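Notes for the structure review
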Amino acid sequence: MVETYGHHHAAGYHHEDDKKTGWWDACIGPGKAIDTSKFFVVALNNIGGCSGSTGPTSPNPENENRPYGPDFPLVTVRDWVKTQALLSDRLGIDVWYSIIGGSLGGMQALQWSVDYPDRLQKCVIIASAPKLSAQNIAFNEVARQSILSDPDFHNGRYLELDSYPKRGLILARMVGHITYLSEEAMKQKFGRDLKSGKFMYGFDVEFQVESYLRYQGEQFSRNFDANTYLIMTKALDYFDPSREYEQSLTKALSNTKCRFLVVSFTTDWRFSPERSQEIVNALITNQKPVSYLDIDAEQGHDSFLFPIPLYVKSLRAFLGGIEHLHSTPKEAL
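Taking an unreviewed UniProt entry as the reference, the protein is identified by name as AB hydrolase-1 domain-containing protein belonging to Oppiella nova. Of the protein, the UniProt comment under Sequence similarities (unreviewed entry) reads exactly: "Belongs to the AB hydrolase superfamily. MetX family." Recorded in UniProt under Subunit (unreviewed entry), the annotation for the protein is "Homodimer."

If you want it as C-alpha cells, here you go:
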C-alpha cells in the first residue's frame, strides 16, 4: 500500500484527459522501484479528503444533503489508518507485503507498524517525522489563518454560497510550497531572475520565483478544498504515536514486527534528517530490523518525489523480489 497525502492518482494515467501522470510516477510502475510487474499497488483517498472518499465536500444526509463543510469532524492519522485497515479487510488482504509513505504518508506507515504490527511485513518511511516540531505547527497555523481570515471562507460554508476562499488557499499553498523546496533548489530554479528582464518598481510580479509561487497557488486553489486543507494540517499537528505510550517513541515502537526502511534527504528542512533519526534510534533501541539512508539531494522536502538514483536503487533493493513468498503471483503493496 502506498500512503497518500492528497490524491489516489499516484502513478500513470487514469483517464484519457489526464494532463500528467500521478504524483509518484517516478517510483511506481513496471521496472521502477515499486515494480508493478511484481506487486499490486494500492493507493487511496483518505476520509476527509476531496478526491473521492467522504469529506467536507460530500453531501451531509443529516443536513438536507448540503455539503458537510465545517461540520465534518476532525480526523487523525490514527483514524485514517483504522479506515485503511477496514479497506484491507474489504479487499481480503490480511497482511501487506509493504506499506510505503512519504511525508504525511510516512506518518501513516509508521502508525500502521504501531497499531497493526501483524498486518505488514515491511514499512518504508520517507521524508517524515515521529511528530511535528513547533516550527512545522507554526507553518500550518499561518496557512490555516490565511484560509480562515479570507472573507470568502464564510465560516466554512462557502460551497453553499457558490464561493470558495481563493485568496486564502493561494496564500496557504505559497507558504507550504516554500517549505517543500530547499534554498539551493530555489536558487538553481529561479535565482533572482526577473520575469520581464527589468525592474518594474511596483507590487506586481517581478521575480520568476514570485510568478512560480502565484501559479502554484492559483492551481491549488482550483483543485483543493479549503476545509479539507484545514483538516489535513490538523491531522499533521496531532500526529504523535508516543502520546499513547507515556510520550516515549521507544515504547510506541516496542511491539512492531516488520522490517523498516527509513529515508531522509540532506536538504529537507521541513522534515530534517534528525527527525528520521529519532525513529531509527527508537527502533535500534528496541533491536528492531531497520535500514536508514540519508540521501544527498538538492530538492528539499520534495526530494522523495524525484527518481534520485541511490534513493530509487535502495527502495527497489529493500522491496526485493517475491520469489521467496508463497502466495499469489503478485503481492499487495
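Having seen the structure, we can now continue with the description.
Bringing the environment of Asn63 into the picture now. With respect to the helices, strands and loops of the structure, Asn63 is situated in the loop between β5 (59-60) and β6 (66-67). Expressed as a C-alpha distance, the spacing of Asn63 and Lys251, which sit 188 residues apart in the sequence, is 43 Å.

As summarised here, the arrangement of the five strands in space is β1-β7-β8-β9-β10, forming an open sheet in which the pairing is parallel. Taken across any chain shown, the strands that pair with only one partner, and hence form the sheet edges, are β1 (2-3) and β10 (290-295). Bridge count for β1 against strand β7 (residues 96-102) is two bridges, and the pairing is parallel. Across the sheet, residue Val2 finds its bridge partner in β7, namely Ile100. Here helix α10 (residues 309-319) sits on the sheet and contacts β7, β8 (120-126), β9 (259-265) and β10; the angle it forms with β9, its principal contact strand, is near 175°.

With respect to burial, β7 is a largely interior element, seven of its seven residues being buried. The pairing of β7 with β8 spans six bridges and is classified as parallel. Bridge assignment links Ile99 to a residue of β8, and that residue is Cys123. This β-α-β element, β7 to helix α2 (residues 104-115) to β8, shows right-handed connectivity.

Before going further, it helps to spend a moment on the layout of surface pockets. By volume, the second largest pocket amounts to about 180 Å³. Along the walls of the second largest pocket sit 13 residues, with Arg78, Gln111, Tyr238, Asp240 and Arg243 positioned nearest its centre. When contributions to the lining of the second largest pocket are tallied by element, the ones reaching two or more residues are α1 (77-91) and α2. Counting residues per element, the lining of the second largest pocket draws most heavily on α2, which supplies three residues. Partitioning the lining of the second largest pocket into residue classes produces six nonpolar, two polar and five charged.

So, on to the packing of helix α3 (residues 134-148) against helix α7 (residues 226-238). Each packed pair of helices is defined by two parameters, the angle between the axes and the distance between the axes. Viewed as axis vectors pointing N to C, α3 and α7 meet at an angle of 160°, and their least axial separation amounts to 10 Å. What the angle tells us is that α3 and α7 run roughly antiparallel. Like other packed secondary-structure pairs, α3 and α7 cross with a definite hand, here left-handed. Within the contact between the two elements, α3 uses Ile137, Asn140, Ala143, Arg144, Ile147 and Leu148 and α7 uses Ala226, Tyr229, Leu230, Thr233, Lys234, Leu236 and Asp237. Along the lines of polarity and charge, the residues of the contact of α3 with α7 split into eight nonpolar, two polar and three charged.

Note on placement: Ser133 falls in the loop between β8 and α3. C-alpha of Ser133 to C-alpha of Phe271: the two residues are 138 residues apart in sequence and 8.8 Å apart in space.

Considering all chains together, one arrives at 17 salt bridges under this definition. A salt bridge links Asp118 to Lys257, with the shortest nitrogen-to-oxygen separation between them at 2.6 Å. Taken together, the positions of Asp118 in the loop between α2 and β8 and Lys257 in the loop between α8 (249-252) and β9 put the pair 139 residues apart, joining distant regions of the chain. We note a salt bridge from Glu141 to Arg144, for which the minimum N-O separation is 3.2 Å. Pair noted here: Glu141 and Arg144 are both in helix α3, with a separation of three residues, about one helical turn. The class of Glu141 is partly exposed, set by a relative accessible area of 32%.

Take the UniProt feature "domain: AB hydrolase-1" (unreviewed entry) in the protein next. Under the present numbering, the feature "domain: AB hydrolase-1" (unreviewed entry) in UniProt falls on residues 23-304. With 39% helix and 13% strand, residues 23-304 has end C-alpha atoms that lie 11 Å from one another.

Our focus in this paragraph is the confidence of the model for the protein. Across the protein, the average pLDDT comes to 92, with 95% of residues at or above 70. Here residues 322-331 is a poorly scored stretch, pLDDT under 50, and it has 19 contacts once near neighbours within four places are set aside; other chains count.

Basis of the calculations
- Residues numbered from 1 in each chain as written.
- Predicted model: local features only at pLDDT ≥ 70, side-chain atom pairs only at ≥ 80, totals over all residues.
- Heavy atoms only, no water.
- UniProt positions renumbered as here; feature names shortened; annotations may be inferred.
- Helix = DSSP H or I, 4+ residues; strand = E, 2+ residues; numbered from the N terminus.
- Pairing = 2+ DSSP bridges.
- Contact = heavy atoms within 4.5 Å.
- Axes fitted to C-alpha atoms, helices over the stretch in contact; angles between N-to-C directions.
- Buried < 20%, exposed > 50% of the residue type's maximum accessible area, 1.4 Å probe, protein only.
- Right-handed = clockwise from strand over helix to strand, strands pointing away.
- 1 Å grid on protein atoms, 1.4 Å probe; cavity = no way out; pocket = protein on both sides within 12 Å on 5 of 7 lines; lining within 4 Å.
- Points joined across faces, edges and corners; volume = space filled by probe spheres on them.
- Nonpolar A, V, L, I, M, F, W, Y, C, P; charged D, E, K, R; others polar.
- Parallel < 35°, antiparallel > 145°, perpendicular 65-115°, else oblique.
- Left-handed = near helix turned anticlockwise from the far one by under 90°.
- Salt bridge = Lys/Arg side-chain N within 4 Å of Asp/Glu carboxyl O.
- pLDDT = per-residue confidence, 0-100.

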